[in-house]
Amino acid sequence: MEAENILRLLLDLLGTFAFALNGAFTAARVARLDIVGVITLGMITALGGGIIRDVLLDDVPPATFRDWRYLAVAAGGALIAFIFHKYLGRLTGPIELLDAVGLSVFAVTGASKAMEFGLGPVQAIILGTITGVGGGTLRDALVGKIPSVMSEGLYAIPALLAASITVFALLADVYGLTAAIIAATVCWLVRVIGIYFKLNAPHPPGTKNSTAE
Amino acid sequence: MEAENILRLLLDLLGTFAFALNGAFTAARVARLDIVGVITLGMITALGGGIIRDVLLDDVPPATFRDWRYLAVAAGGALIAFIFHKYLGRLTGPIELLDAVGLSVFAVTGASKAMEFGLGPVQAIILGTITGVGGGTLRDALVGKIPSVMSEGLYAIPALLAASITVFALLADVYGLTAAIIAATVCWLVRVIGIYFKLNAPHPPGTKNSTAE
Amino acid sequence: MEAENILRLLLDLLGTFAFALNGAFTAARVARLDIVGVITLGMITALGGGIIRDVLLDDVPPATFRDWRYLAVAAGGALIAFIFHKYLGRLTGPIELLDAVGLSVFAVTGASKAMEFGLGPVQAIILGTITGVGGGTLRDALVGKIPSVMSEGLYAIPALLAASITVFALLADVYGLTAAIIAATVCWLVRVIGIYFKLNAPHPPGTKNSTAE
């Protein structure tokens, strides 16, 4: 049990680090941002989803705010991206694989925390997905970009999948570290397959990007 | 009393549906959004105002999140807009009339809920207005548009009117379903008259759009 | 003690007024905003930081919402900016000096309130900074602008400084009105020196604006 908690914390911190790195890296490419902007946007990407989750569950101050380790890991990841963003340009692939870890971990832990706090299954699935995609959405909204989760690639759909598996496992009373890892792995694989084959969610029928056209 | 509650719920769900339909319809016109973006923005338009209201009143998890019917109606409205947005283009008029119903209902229920939770009258009027316009504002902020409530037409002003009537009725102890319907109707009429005659709120003196110029 | 509280309230209201004035003034320059937009954005600039702080501390309804004086002062400042924004164009300097007062006051009161609510020192420093810069960031996000705090001048850094001094004074048990005024003055001076000499926070190495280039 102790080992489980440690593994869960490690995964959570790994997800936070990956999100901060990718968030700050994306922000550093936006013209005109200074160190405050890049670090802030990296931290918002990493911690935003969990903060939205905790505000909606009334578990405030948010966990990521009470526990200094999340803040330290998020600030560290963002700082690394600020300093090395030129070199990280060649590592877009590995960074996206790492970012997918954050998405997977957060969708699972978000959904299970929502169930723990007494939300219904559908709501828990939605809140898990929000936990996974919320940070990146906040970042994009702050720099005036259409959130990439809403426009390109498969991003919300794998998170939705991971949150659903988590909720079903909890309902079937078989949730544990194994189920959590299965749910996260499914999400990660779907996300990575989506990146590799450049898959997109369907666009509205009749629009330029529509696949149904 | 029972009939009153049912009517109130029906009106609330009608408002939610109208907002989801109009929100997703507006989102579907924004280039590059996929199904995730359109459905998400439709649901945020429908539920966002109520979520802001409940977070500020510390009534969390928000009501629209606890009650699956709101989620279902919001998702349904958004999905219809996603699928039929091509045909809905011809129905802009009716959709705007329906959207005005959402605005009216939410301003009234937002203001009365704020009073019930012990806020002062001025605060309740502001919170009622936020409940009415908050969802659309969040949607516009997420796609990087200047919120239409802040720039065109009469949108916040009818909501302010409905919230004020509601608060005065509560203070005069004559609030009930009749007063709620009167408040909502006034809001709806002002909004619809504003659409019909293309009325605008005043712009800052000296700017290009200023009516005082 | 009574005199201290009154002075603190006066400083807080002065900060609120300054933020509302500057926020609405900035908003009035954005094309197409009407009176609703300008007043709303002025009030969001003035009250937004405190609302974010109180939501994260679970002190809701937020203080600025419970106390009508904040609402009145914020609305008044925004209305003045709406009406006189043409003449205020010549007063950019004084308005920025006043805005720096808001930043200083809010960073100090935000950090001390966070400590009072049991947050750790690092978290209190971050929350104090958020209190200072949050309102302007919300305003910029709503009009689709990259938040100026993230891109130009020294804005977050003086706030961080004021919040840090406040937290250290609290930890050393020497916090009081004197310490608060010292912290706010340091913030105000750094901000004003930054404006005067057009200092910027560093940009990512290798970007066009980078000072390291």
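For the structure, see preceding data.
Predicted, not measured: the structure shown is a model, and the values here were computed from it.

1. Considering the overall build of chain A
Of the regular secondary structure elements, chain A holds 8 helices and 0 strands. Along chain A, helices (α) and strands (β) appear in the sequence α-α-α-α-α-α-α-α when read from the amino end. At 17 Å, chain A has a C-alpha radius of gyration in line with the 17 Å of a compact globule built from 213 residues. Among the 213 residues that make up chain A, the fraction classed as buried is 57%. The long-range fraction of contacts in chain A, counting pairs at least 24 apart against all pairs at least 6 apart in sequence, stands at 74%. Here chain A has roughly 8800 Å² of accessible surface; of this, 69% comes from carbon and sulfur atoms.

2. Some details on the packing of aromatic side chains
For the coordinates displayed, the defined rule picks out 9 aromatic pairs over all chains. Summarising the aromatic geometry, the rings of F19 of chain A and F106 of chain A are spaced 5.1 Å apart at their centres and angled 90° between planes, so their arrangement reads as edge-to-face. Of the two residues, F19 of chain A is situated in helix 1 (residues 2-29) and F106 of chain A in helix 5 (residues 92-116); the sequence distance between them amounts to 87 residues. Side by side, F19 of chain A and F106 of chain A carry an identical accessibility label, which is buried. On the numbers, 5.2 Å between centres and 80° between planes, the contact of Y196 of chain C with F197 of chain C is edge-to-face. Neither residue differs from the other here; Y196 of chain C and F197 of chain C are each classed as exposed.

3. Some remarks on the relation of the copies chain B and chain C
For the pair of chain copies, the relating operation is a rotation around an axis with a shift along it. You can overlay chain B on chain C at an RMSD of 0.0 Å; the transform is a turn of 120° with a shift of 0.0 Å along its axis. One copy is carried onto the other by what is essentially a three-fold rotation axis. The position closest to the rotation axis in chain B is occupied by the C-alpha of G144 of chain B, lying 2.7 Å away. Looking at chain B, a mere 14% of its interface residues are interface residues in chain C too, so the copies touch through different faces.

4. What to know about the interface of chain C and chain A
Residue-level contacts link 29 residues of chain C with 31 residues of chain A. In this assembly, chain C packs against chain A so that about 2300 Å² is buried in total across both faces, 69% of it on carbon and sulfur atoms. Three residues stand out in chain C for area buried against chain A, namely L56, I146 and M150 of chain C, and they jointly supply 28% of the buried area on that side. Here chain C and chain A share 5 residue pairs in polar contact (both at pLDDT 80 or more) between them. Counting only elements with at least two residues in the side of chain C that touches chain A, the list comes to helix 2 (35-56), helix 6 (121-142) and helix 7 (156-171) of chain C. The dominant element in the side of chain C that touches chain A, judged by the number of residues it contributes, is helix 6 of chain C, at 6 residues. For the side of chain C that touches chain A, the per-class residue count stands at 17 nonpolar, 9 polar and 3 charged.

5. As for the relation of the copies chain C and chain A
Between chain C and chain A, which share one sequence, the superposing operator has a rotation angle of 120° and an axial displacement of 0.0 Å; the RMSD is 0.0 Å. With a heterologous cut-off of 20% or less, the 14% of interface residues of chain C that recur at the interface of chain A puts this contact in the heterologous class.

6. A word on helix 6 (residues 121-142) of chain B
Residues and elements named next belong to chain B. In this model, helix 6 (22 residues) spans 31 Å end to end at C-alpha, consistent with the 32 Å of a helix rising 1.5 Å per residue. In the structure, helix 6 departs most strongly from a straight axis at V133, where the bend amounts to approximately 50°. Positioned one or two residues after helix 6, G144 has a phi angle of 70°, which is positive.

7. Focus on the environment of P121 of chain A
Residues and elements named next belong to chain A. Its location among the elements puts P121 in helix 6 (residues 121-142). Classification of P121 as partly exposed rests on a relative accessible area of 38%. Along the primary structure P121 and F168 are separated by 47 residues, whereas in three dimensions their C-alpha atoms are 8.2 Å apart. Apart from the residues lying within four places of it in its own chain, the contact partners of P121 are M115, V167 and L171.

8. Points about a nonpolar patch on the surface
Taken together, the side chains of L79, I80, I83, F84 and Y87 of chain A define a hydrophobic patch exposed on the protein surface, amounting to about 460 Å² of accessible area. Within the secondary structure layout, I83 of chain A lies in helix 4 (residues 68-88).

9. Remarks on the interface of chain B and chain C
Taken together, the contacts link 29 residues of chain B with 32 residues of chain C. A combined buried area of about 2400 Å² lies between chain B and chain C, and 69% of that area is made up of carbon and sulfur atoms. Of all residues in chain B, L56, I146 and M150 of chain B bury the most surface against chain C, accounting for 28% of the area lost on that side. Inspection of the region where chain B meets chain C yields 0 salt bridges. Counting across the interface, chain B meets chain C through 5 residue pairs in polar contact (both at pLDDT 80 or more). The biggest single contributor to the side of chain B that touches chain C is helix 6 of chain B, with 6 residues.

10. Description of unusual backbone geometry
Between V60 of chain B and the following residue, P61 of chain B, the backbone shows a cis peptide bond with an omega angle of -5°. Its place among the elements puts P61 of chain B in the loop between helix 2 (35-56) and helix 3 (63-66). Of note in the backbone geometry, D173 of chain A takes a positive phi value of approximately 60° without being a glycine. Here D173 of chain A falls in the exposed class, since its relative accessible area comes to 70%. A positive phi angle is found at K198 of chain B, which is not glycine, with a value near 50°. Looking at where K198 of chain B falls in the secondary structure, it is placed in the segment after helix 8 (177-196).

11. Observations concerning the side chain of S112 of chain A
All names here are of chain A. Here S112 shows up in helix 5. The class for S112 is buried, based on a relative accessible area of 14%. Those residues in contact with S112, other than ones at most four positions away along the chain, are T166, L170 and Y175.

12. Looking at the packing of helix 2 of chain B against helix 4 (residues 68-88) of chain B
Residue and element names in this part refer to chain B. Running from amino to carboxyl end, helix 2 crosses helix 4 at an angle of 135°, the nearest separation of the two axes being 8 Å. Considered as vectors, helix 2 and helix 4 are oriented oblique to each other. Note that helix 2 runs across helix 4; the crossing there is right-handed. Here helix 2 contributes I35, V38, I39, G42, M43, A46 and L47 to the contact with helix 4, which in turn contributes Y70, L71, A74, A75, A78, L79 and F82. Counted by class, the contact of helix 2 with helix 4 contains 13 nonpolar, 1 polar and no charged residues.

13. Quick word on the packing of helix 2 (residues 35-56) of chain A against helix 5 of chain A
Residue and element names in this part refer to chain A. Packing of helix 2 against helix 5 brings their axes to within 11 Å, and their N-to-C directions diverge by 15°. Considering the angle they form, helix 2 stands roughly parallel to helix 5. When you trace helix 2 past helix 5, the crossing you get is right-handed. Residues A46, R53 and D54 of helix 2 form the contact with helix 5, whose participating residues are F106, T109, G110 and K113. Classifying every residue of the contact of helix 2 with helix 5 by side-chain character gives 2 nonpolar, 2 polar and 3 charged.

Calculation criteria
Residues numbered from 1 in each chain as written. Chains lettered and ligands numbered in written order. Predicted model: local features only at pLDDT ≥ 70, side-chain atom pairs only at ≥ 80, totals over all residues. Heavy atoms only, no water. Helix = DSSP H or I, 4+ residues; strand = E, 2+ residues; numbered from the N terminus. Rg over C-alpha atoms; globule rule 2.2 N^0.38 Å. Buried < 20%, exposed > 50% of the residue type's maximum accessible area, 1.4 Å probe, protein only. Contact = heavy atoms within 4.5 Å. Areas by Shrake-Rupley, 256 points an atom, 1.4 Å probe, with all protein chains shown as cover. Phe/Tyr/Trp six-rings, centres within 6.5 Å; stacked < 30°, edge-to-face > 60°. Least-squares fit on C-alpha atoms with pLDDT ≥ 70 in both. Buried area = accessible area lost by both parts, 1.4 Å probe. Polar contact = N/O pair within 3.5 Å; in protein donor to acceptor, adjacent residues only side chain to side chain. Nonpolar A, V, L, I, M, F, W, Y, C, P; charged D, E, K, R; others polar. Expected span 1.5 Å × (residues − 1). Bend = angle between axes of the 7 residues up to and from the residue. Patch = residues over 30% accessible without salt bridge, like charges linked within 9 Å, V, L, I, M, F, W, Y side chains within 5 Å. Salt bridge = Lys/Arg side-chain N within 4 Å of Asp/Glu carboxyl O. Axes fitted to C-alpha atoms, helices over the stretch in contact; angles between N-to-C directions. Parallel < 35°, antiparallel > 145°, perpendicular 65-115°, else oblique. Left-handed = near helix turned anticlockwise from the far one by under 90°.

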